[in-house]
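Spelled out, the chains give:
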Amino acid sequence: MSSNRRSLWYWICAWLPVVLGVIAVALESTEFMGANHTSGPFRWLYQAIFGPVSDERWEVLHILIRKSGHFIGYGAIGLAWLRAWWMTLPRSRFLHDSLLALLGTAMIASVDEWHQTFLPNRTGSAWDVLLDCCGAIMLELAAYIFMRLFRPKRLARAA
């Protein structure tokens, strides 16, 4: 295998999770994934597991489920960005890569929320962008703690 093929495969492996994350956001940022379409299936699943729930209680739970999806989903995208920068930037440092990952996450979240302002059953929210970025920060922090505890030599790799 030539070094060019290996190099191309390396780049694909590094950036494919980011591309898949962006595709996932694009698919979820549709009219079909609006709250009016997700409430029924989520409620059915919730009630199948936990039993009946009042309409008032469900409204709160549905919001919590949707906002948890923002936090966890964009946290995962933040990790994908972090991994890609860590793998491909020369003289990579965790803090710099984390900031670039947060910037990438914020850009995707902002474009997603802006796009939703054009859909009849969706709204764009700066608060959702903040929530998305908080998810990325928290999972990047968890990755840092993991690396610090279990891979300190990898974290302190020479520049």
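Peer 1: Sorry, what's going on with the packing of helix α2 (residues 35-50) against helix α3 (residues 55-88) here?
Peer 2: Helix-helix packing: each pair is described by the crossing angle between the helix axes and the interaxial distance. The N-to-C vectors of α2 and α3 enclose an angle of 105°; their axes lie 10 Å apart at closest approach. Taken together, the axis directions place α2 and α3 in an arrangement best described as roughly perpendicular. Between α2 and α3, the contacting residues are A35, T38, S39, F42, R43 and Y46 on the first element and D55, W58, L61, H62, I65 and R66 on the second. Partitioning the contact of α2 with α3 into residue classes produces 6 nonpolar, 3 polar and 3 charged.

Peer 1: I tried to follow the packing of aromatic side chains on my own but got confused; where do I start?
Peer 2: Two numbers describe a pair of aromatic rings. These are the distance of the centres and the angle of the planes. Scanning all chains against the criterion turns up 9 aromatic pairs. Ring centres 6.1 Å apart and planes at 65° place the aromatic pair W86 and F94 in the edge-to-face group. Comparing W86 with F94 shows no difference in burial state: the two are buried. Centre to centre, the rings of F94 and Y144 are 5.3 Å apart; their planes meet at 55°, and the pair counts as tilted. A residue pair is termed long-range when its members are at least 10 positions apart, and F94 in helix α4 (residues 94-116) and Y144 in helix α5 (residues 126-150) qualify at 50 residues. Grouped by ring-pair contacts, the aromatic residues W15, W81 and W85 constitute a single cluster.

Peer 1: Sorry, what's going on with the nonpolar core here?
Peer 2: Counting 23 residues, the largest nonpolar core has W15, V18, Y74, I77, W81, F94 and I108 as the members making the most contacts within it. Taken together, the elements giving at least two residues each to this core come down to α1 (3-28), α3, α4 and α5. At 9 residues, the largest contribution of residues to this core is made by α3. Apart from residues no more than four positions distant in its own chain, W15 is found in contact with W81, A84, W85 and T88.

Criteria and thresholds
Residues numbered from 1 in each chain as written. Predicted model: local features only at pLDDT ≥ 70, side-chain atom pairs only at ≥ 80, totals over all residues. Heavy atoms only, no water. Axes fitted to C-alpha atoms, helices over the stretch in contact; angles between N-to-C directions. Helix = DSSP H or I, 4+ residues; strand = E, 2+ residues; numbered from the N terminus. Parallel < 35°, antiparallel > 145°, perpendicular 65-115°, else oblique. Contact = heavy atoms within 4.5 Å. Nonpolar A, V, L, I, M, F, W, Y, C, P; charged D, E, K, R; others polar. Phe/Tyr/Trp six-rings, centres within 6.5 Å; stacked < 30°, edge-to-face > 60°. Buried < 20%, exposed > 50% of the residue type's maximum accessible area, 1.4 Å probe, protein only. Core = buried A, V, L, I, M, F, W, Y, C linked by side-chain atoms within 4.5 Å.

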